[in-house]
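The chain contents come next:
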Amino acid sequence: MIILLVVVIAVLALAILWVAGAYNTLVRTRNDMRNAWSQIDVQLKRRYDLIPNLVETVKGYAKHERETLDAVIRARQQAINVTADDVQQKAAAENMLSQTLRSLFALAESYPDLKANQNYLALQEELTSTENKIGFARQYYNDAVMRLNNKIEMFPSNIIANMFNFSAGQFFEVEEATQREAPKVEF
Amino acid sequence: MWELVRANQRRSTMLVIAMAFVLAALGYAIGHLFLSGEGWSGLALAVILWAVLAAVTYASGDSIVLALSRARRIEKQHHPVLYNIVEEMTIAAGLPQMPAIYIIDDPAPNAFATGRTPQKAAVAVTAGLLETLSRDELQGVIAHELAHIKNRDVLYMTTLTVMVGTIVILAAVARHMIWFGGGRRRTSRRSGGGGQAEVFIAIAAVVLMILAPLIARLLYFAASRRREYVADGCAALFTRYPEGLASALEKISRTTRSKLAAANEATAPMYLVNPLKVSKAGLANLSATHPPIEERIRILRSMGGEAGLSRYDSAYRQITGRAVGVVPASHRDGQVTRARAAARREEADRRQRVRQATDALWQLNDFIFVPCACGTKLKVPPELRGRSLACPHCGREHAIQ
């Protein structure tokens, strides 16, 4: 009788330990994902802050490129207006902004004076690096989402995940417009 | 991937335990042969020696390594590109905070990481590295160094260095005692009582004294090389661009000046490439802290558009012909991680990079930068503060503040 009691208690204790361990792993993974998201947010804000300076600097050299400059400013405003709750919409707005920025840098190539400007070069490095940081933060975030989702879906951790209502994370997808468009061939 | 640290820890603990066992056996043998008492006194001696060495190493820590390599701490304004790259890789590696950045004024292209925990880490690069590598290549190198930090390689290699050091010292002392007859005292005291078992133990002890330092060293070098491969694999994963590190290694292997003035055997495993001598191609070198550089390049280049650890591991096995890979089994999940395409961005040319690197060093030496209206940037030594100077190009006068 005593032996049976000891066995039952031991099994119960092991079960509780396992539940606690699995729960903690889930929480750790989810926190990792949230941290990664806040890192993306930090870099996105940094980009919003840099853009007005860049536009001002480019204006001084390339007054006739109103269209591109306006497109950048509009894309920035749009990205700021999207709330961070909807990951997919946010990603779409940020991709738009990345593309207009790229066309701005491409445009600058045809202005040698602008390309030699120290201020412009510094801003270009900052923005390029911020783009990279957004990319790497997104990469880390998506890895974290993948790990969390795997744990939520796979046996046996899915039991714990269901018990405590863990919900799957959303990927921050990049679908570049250039990838979706069919290549234009001109003769 | 992110539990690689833990998988590494299990494997490392095994090696540390094995080393501890060799150390204990060696100490016991010394006590048995030379110290009048039992083997335990020798064991105690070994432990004390190890504790002293460990304490000294732990106390001196990173500041000594950085001071020995004459590294100078930089901030963002000194070299914005380097600072940005380190920040990018910190994000990609998911490190809790950015390591401190140092520049070493040395033309040999190399880099190293230090710091027992990611919270107290530092990464140092030479001026030669900054001048030689493009942005993507530098990113690969920094990713490799941050992988060392992320995987706690510094702590592990330091622990091993101390143990190997203790074993080598003990064995050397023991060999000395054999030569100078230290063991005779013991045999004369207990003459007659020995017999065959005693002779056998004595022979085993002597063999151990000769073999222990050799085995310890080989284990140490093998561990160091394995960590280098894993750091390469992690660099590919962090950057999603194996070609960056591959082409950086290729450029470095082509430079003639590769010996670093301020490196030594203890700090060598933490460098990107061996800072002490150029390894001969094709020579299977068992006593090297780093794998042959050509092999590392070939592995990275045969990853075929992928950047994951599973792919790195299979590329490693394919190139080296070894059956056992370097990445722990728990991280070869078979998932495909695609590498990104090469950046189309225009790169700074070599002249610009040399300027950036030397500007950083000028600034660190308190030189004053005065921009002139003609586009020249005057770099004035701090002694001239308060005087005025004419621009050598256009002749405009500048007051130096």
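Residues numbered from 1 in each chain as written. Chains lettered and ligands numbered in written order. Predicted model: local features only at pLDDT ≥ 70, side-chain atom pairs only at ≥ 80, totals over all residues.

Comments concerning the overall build of chain B
Right, on to step 1. Scanning chain B for helices and strands turns up 12 helices and 8 strands.
Right, on to step 2. Considering chain B as a whole, with its 401 residues, one finds that 43% of them fall into the buried category.
Right, on to step 3. When contacts within chain B are restricted to residue pairs at least 6 apart in sequence, those whose partners lie at least 24 apart make up 64%. (Helix = DSSP H or I, 4+ residues; strand = E, 2+ residues; numbered from the N terminus. Buried ≥ 20, exposed ≤ 12 C-beta atoms within 10 Å, placed from the backbone. Contact = placed C-beta atoms within 7 Å.)

What about the overall build of chain A?
Right, on to step 1. When you go through chain A residue by residue, the secondary structure sums to 7 helices and 0 strands.
Right, on to step 2. Along chain A, from the amino end to the carboxyl end, the secondary structure elements read α-α-α-α-α-α-α.
Right, on to step 3. Against the compact-globule benchmark of 16 Å for 187 residues, chain A has a radius of gyration of 24 Å, which places it well outside the compact range.
Right, on to step 4. With the C-alpha coordinates of chain A rotated into their principal frame, the extents come out at 90 × 40 × 25 Å.
Right, on to step 5. Counting the 187 residues in chain A, one finds 25% classified as buried.
Right, on to step 6. Long-range contacts, defined here as pairs at least 24 residues apart, represent 75% of the contacts in chain A between residues at least 6 apart. (Rg over C-alpha atoms; globule rule 2.2 N^0.38 Å.)

Regarding the confidence of the model for chain A
Right, on to step 1. Chain-level statistics for chain A give a pLDDT mean of 83 and a share of 92% at 70 or above.
Right, on to step 2. pLDDT under 50 marks residues 177–187 of chain A. Its contacts with residues more than four places away, or in other chains, come to 2 contacts. (pLDDT = per-residue confidence, 0-100.)

Remarks on unusual backbone geometry
Right, on to step 1. The step from Phe 155 of chain A to Pro 156 of chain A runs through a cis peptide bond, and the omega angle for that step is 0°.
Right, on to step 2. Relative to the elements of secondary structure, Pro 156 of chain A occurs in the loop between helix H5 (118–153) and helix H6 (157–163).
Right, on to step 3. A positive phi angle, close to 55°, is found at Arg 240 of chain B, a residue other than glycine.
Right, on to step 4. Structurally, the position occupied by Arg 240 of chain B is in the loop between helix H8 (196–239) and helix H9 (242–254).
Right, on to step 5. Judged by local crowding, Arg 240 of chain B falls into the buried class, with 20 C-beta atoms found within 10 Å.
Right, on to step 6. If you check the backbone angles, Asp 366 of chain B has positive phi at about 65° while not being a glycine.
Right, on to step 7. A tally of 10 C-beta atoms within 10 Å means that Asp 366 of chain B is categorised as exposed.

Quick word on the environment of Leu 49 of chain B
Residue and element names in this part refer to chain B.
Right, on to step 1. Tracing the chain through its elements places Leu 49 in helix H2 (residues 39–68).
Right, on to step 2. Here Leu 49 falls in the partly exposed class, since 18 other C-beta atoms lie within 10 Å of it.
Right, on to step 3. Distance in space between the C-alpha atoms of Leu 49 and Gly 165 is 9.8 Å, their sequence separation being 116 residues.

What about the packing of helix H1 (residues 2–61) of chain A against helix H2 (residues 66–81) of chain A?
All names here are of chain A.
Right, on to step 1. Contact geometry of H1 with H2 gives a least axis separation of 11 Å together with a crossing angle of 170°. Relative to H2, the element H1 is oriented roughly antiparallel. Where H1 approaches H2, its residues Tyr 48, Ile 51, Val 55, Val 58 and Lys 59 are matched on the opposing element by Leu 69, Val 72, Ile 73, Arg 76 and Ile 80.
Right, on to step 2. Residue classes in the contact of H1 with H2 are distributed as 8 nonpolar, no polar and 2 charged. (Axes fitted to C-alpha atoms, helices over the stretch in contact; angles between N-to-C directions. Parallel < 35°, antiparallel > 145°, perpendicular 65-115°, else oblique. Nonpolar A, V, L, I, M, F, W, Y, C, P; charged D, E, K, R; others polar.)

Quick notes on the sheet that holds strand E1 (residues 71–74) of chain B
Residue and element names in this part refer to chain B.
Right, on to step 1. Read from one edge to the other, the open sheet built from 4 strands follows the order E1-E2-E4-E3, with strand pairing classed as mixed. Bordering the open sheet on either side are E1 and strand E3 (111–114), each of which pairs with just one other strand. For this sheet the average axis-to-axis angle between neighbouring strands, irrespective of direction, equals 30°. (Pairing = 2+ DSSP bridges.)

Brief notes about the interface of chain B and chain A
Right, on to step 1. With 10 residues of chain B at the interface, the matching set in chain A holds 11 residues.
Right, on to step 2. Looking at the side of chain B that touches chain A residue by residue, the class counts come to 4 nonpolar, 2 polar and 4 charged.

Structural notes on the environment of Glu 131 of chain B
Residues and elements named next belong to chain B.
Right, on to step 1. Here Glu 131 shows up in helix H4 (residues 127–132).
Right, on to step 2. Note on Glu 131: 18 C-beta atoms within 10 Å, which makes it partly exposed.
Right, on to step 3. As for Glu 131 and Asp 349, which are separated by 218 residues in sequence, their C-alpha atoms are 9.3 Å apart.

Focus on the environment of Arg 74 of chain A
All names here are of chain A.
Right, on to step 1. Within the element layout of this structure, Arg 74 appears in helix H2.
Right, on to step 2. Arg 74 sits in the partly exposed class, given 13 other C-beta atoms within 10 Å.
Right, on to step 3. The spacing of Arg 74 and Thr 100 is 26 residues in sequence and 9.5 Å in space, taken between C-alpha atoms.

Observations concerning the pairing of strand E4 (residues 122–126) of chain B
Residue and element names in this part refer to chain B.
Right, on to step 1. Extensive coverage of E4 is indicated by the burial of 5 of its 5 residues.
Right, on to step 2. A two-sided burial pattern is seen for E4, the buried positions comprising Ala 122, Ala 124 and Thr 126 on one face and Val 123 and Val 125 on the other.
Right, on to step 3. One ladder, built from 5 bridges, connects strand E2 (residues 100–104) with E4; its direction is parallel. Note on E4: the bridge partner recorded for Ala 100 is Ala 122.
Right, on to step 4. Relative to E4, E3 runs antiparallel, the two being bridged by 4 bridges. Pairing of Phe 112 across the sheet is with Ala 124, part of E4.

Concerning the confidence of the model for chain B
All names here are of chain B.
Right, on to step 1. On average, residues of chain B carry a pLDDT of 80, and 81% of them reach 70 or more.
Right, on to step 2. Per-residue pLDDT stays below 50 along residues 184–192; that stretch engages in 4 contacts with residues further than four places along the chain or on separate chains.
Right, on to step 3. Scored below 50 in pLDDT, residues 279–284 shows 7 contacts in the model against residues more than four places distant or in partner chains.
Right, on to step 4. Predicted complex, confidence summary: ipTM 0.80, pTM 0.82.

Structural notes on the nonpolar core
Right, on to step 1. Judged by nonpolar contacts, the single largest core of 109 residues is most densely connected at Tyr 141 of chain A together with Leu 26, Ala 124 and Ile 167 of chain B.
Right, on to step 2. In terms of residue count, the dominant contributor to this core is H8 of chain B (14 residues).
Right, on to step 3. The residues touching Ile 167 of chain B, leaving out its near neighbours within four places in the chain, are Val 22, Leu 23, Leu 26, Ala 212, Pro 213 and Ala 216 of chain B.
Right, on to step 4. In this structure, Ala 79, Ala 93, Leu 97 and Leu 101 of chain A belong to the second largest nonpolar core, which totals 12 residues. (Core = buried A, V, L, I, M, F, W, Y, C linked by C-beta atoms within 7 Å.)

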